[in-house]
Amino acid sequence: MTLKKVSEARCFGGAQQVWSHESAATGCTMRFGLFLPPQAAAGRVPVMWWLSGLTCTEENFVVKAGAQRVAAELGIALVAPDTSPRGVELPGDRDSWDFGLGAGFYVDATREPWSRHYRMRSYVVDELRALVAGEFPVDDARTAMSGHSMGGHGALTIALSNPGWIRSVSAFAPIASPLRCPWGEKALTGYLGDDRAAWAAYDATELLRTRGWAGPPILVDQGGADPFLANQLKPELLEQACADARVPLELRRQAGYDHGYFFVSTFIEDHLRRHRAQV
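Since the model is a prediction, treat every value here as computed from it, not as a measurement.

How each quantity is defined
Residues numbered from 1 in each chain as written. Predicted model: local features only at pLDDT ≥ 70, side-chain atom pairs only at ≥ 80, totals over all residues. Heavy atoms only, no water. Axes fitted to C-alpha atoms, helices over the stretch in contact; angles between N-to-C directions. Helix = DSSP H or I, 4+ residues; strand = E, 2+ residues; numbered from the N terminus. Parallel < 35°, antiparallel > 145°, perpendicular 65-115°, else oblique. Left-handed = near helix turned anticlockwise from the far one by under 90°. Contact = heavy atoms within 4.5 Å. Phe/Tyr/Trp six-rings, centres within 6.5 Å; stacked < 30°, edge-to-face > 60°. Buried < 20%, exposed > 50% of the residue type's maximum accessible area, 1.4 Å probe, protein only. Pairing = 2+ DSSP bridges. Nonpolar A, V, L, I, M, F, W, Y, C, P; charged D, E, K, R; others polar. Core = buried A, V, L, I, M, F, W, Y, C linked by side-chain atoms within 4.5 Å. 1 Å grid on protein atoms, 1.4 Å probe; cavity = no way out; pocket = protein on both sides within 12 Å on 5 of 7 lines; lining within 4 Å. Points joined across faces, edges and corners; volume = space filled by probe spheres on them. Polar contact = N/O pair within 3.5 Å; in protein donor to acceptor, adjacent residues only side chain to side chain.

**Q** Talk me through the packing of helix α4 (residues 150-161) against helix α6 (residues 204-211); I want residue IDs and the actual numbers.
**A** Two numbers describe how α4 lies on α6: the axes approach to 9 Å, and their chain directions differ by 20°. With respect to their mutual orientation, α4 and α6 come out roughly parallel. Seen along the crossing, α4 lies across α6 with a hand that is left-handed. Within the contact between the two elements, α4 uses L156, T157, L160 and S161 and α6 uses A204, L207, L208 and R211.

And the structure:
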């Protein structure tokens, strides 16, 4: 697999890079952001993966979250994948902002025509994980994961499904239960079909009930002024699922904050420090 460096910039003594590669999982060229802290020059460092939300690319977190300063201090790498395949054209993939391009939902599609390319779960968990661990000074055994909105859903479901890999997990305004919101119902129907039983593997509330979580407490920040709070995100469902499964959850309702990256940038330091202490 050939890696191509798209860009690199010196940043807080480390390096913020963007890489591209040909992906077997998605059948197209994929890009990801990688921040290597200065400590990576001396050996492998722990890593936090960041999964972005609807309409985003690998760039949003890299340029808007302001995470590199704290990551450099803590000696933790940051990996930020894209949110969907790029460079392939499928019928309807650009018809709406919440399905198709920029909206892969971190699932492996089983429904045509999406099943050939929209395999973002396998891309992140299998292909990109192996690539990052094999090519960069990152300690795959010390991995945390976080994400925002659709990416918060991805972070939670990937962590709950891969506890041997993800040691610490958090989220910002995650879609708590795609089975029970319009965004999720649209995406999972489109990618997986009408059998709702097949959706459970991609729903954090269902995974908590069936698999639990033996890792450290889950941290979730949710803006109180988020316009998607009641209809799409529904953090109370995550709260109830954690209570039912006896999984420790710290759900912080942040008064006045909306859904954007000013919200993320305000609290990302807390998440990074929490993850660094746990990995």
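On we go.
**Q** Could you give an account of the packing of aromatic side chains, naming the residues involved and the relevant values?
**A** As enumerated under the stated definition, the model contains 16 aromatic pairs in all. With centroids separated by 6.3 Å and ring planes inclined at 80°, the aromatic side chains of F32 and F136 adopt a geometry described as edge-to-face. A residue pair is termed long-range when its members are at least 10 positions apart, and F32 in strand β3 (residues 28-36) and F136 in the loop between α3 (120-135) and β6 (138-147) qualify at 104 residues. Classification of F32 as buried rests on a relative accessible area of 0%. Under the relative-accessibility criterion, F136 is labelled buried at 7%. Centre to centre, the rings of W49 and W165 are 5.5 Å apart; their planes meet at 80°, and the pair counts as edge-to-face. Of this pair, W49 sits in strand β4 (residues 45-51) while W165 sits in the loop between α4 and β7 (166-172), placing them 116 residues apart in sequence.

**Q** Residue-level account of the pairing of strand β2 (residues 14-23), with values.
**A** Burial runs high along β2: 9 of the 10 residues are buried. Two strands pair when backbone bridges link them, and strand β1 (residues 3-11) and β2 are joined in this way by 8 bridges, in the antiparallel orientation. If you follow R10 over to β2, its bridge partner there is A15. In this antiparallel pair of consecutive strands, β1 and β2, the connection spans 2 residues, and F12 shows a positive phi of 50°. Pairing of β2 with β3, which is carried by 9 bridges, proceeds in the antiparallel orientation.

**Q** Got a sec to walk through the packing of α6 against helix α8 (residues 235-245)? Specific residues and values, please.
**A** Where α6 meets α8, the closest approach of the two axes is 9 Å, and the angle between their N-to-C directions is 0°. Taken together, the axis directions place α6 and α8 in an arrangement best described as roughly parallel. Facing A204, T205, L208 and R209 of α6, the residues of α8 in contact are L237, L238, A241, C242, D244 and A245. Of the residues belonging to the contact of α6 with α8, the class tally is 7 nonpolar, 1 polar and 2 charged.

**Q** So, the nonpolar core: which residues are in play, and what are the values?
**A** In this structure, F61 and Y191 are the most contacted members of the largest nonpolar core, which totals 92 residues. The greatest single-element share of this core, amounting to 7 residues, is contributed by α3. Leave out the neighbours within four places in its chain, and Y191 touches F99, G100, A103, G104, F105, V107, A109, T110, R111, W114 and Y118.

**Q** Explain the layout of surface pockets residue by residue, including any values.
**A** Considering only enclosed or pocket space, the largest pocket measures out at about 180 Å³ in volume. Every residue lining the largest pocket is counted, 14 residues in all, and those nearest its centre are L54, T55, C56, H148 and H259. Looking at the lining of the largest pocket residue by residue, the classes come out as 6 nonpolar, 7 polar and 1 charged.

**Q** An account of the side chain of T143 is requested, with residue identities and associated values reported.
**A** Along the chain, the position of T143 falls in strand β6. With relative accessibility at 0%, the residue T143 sits in the buried group. Engagement of the side chain of T143 in a polar contact is seen with the backbone oxygen of D140, the distance being 2.8 Å.

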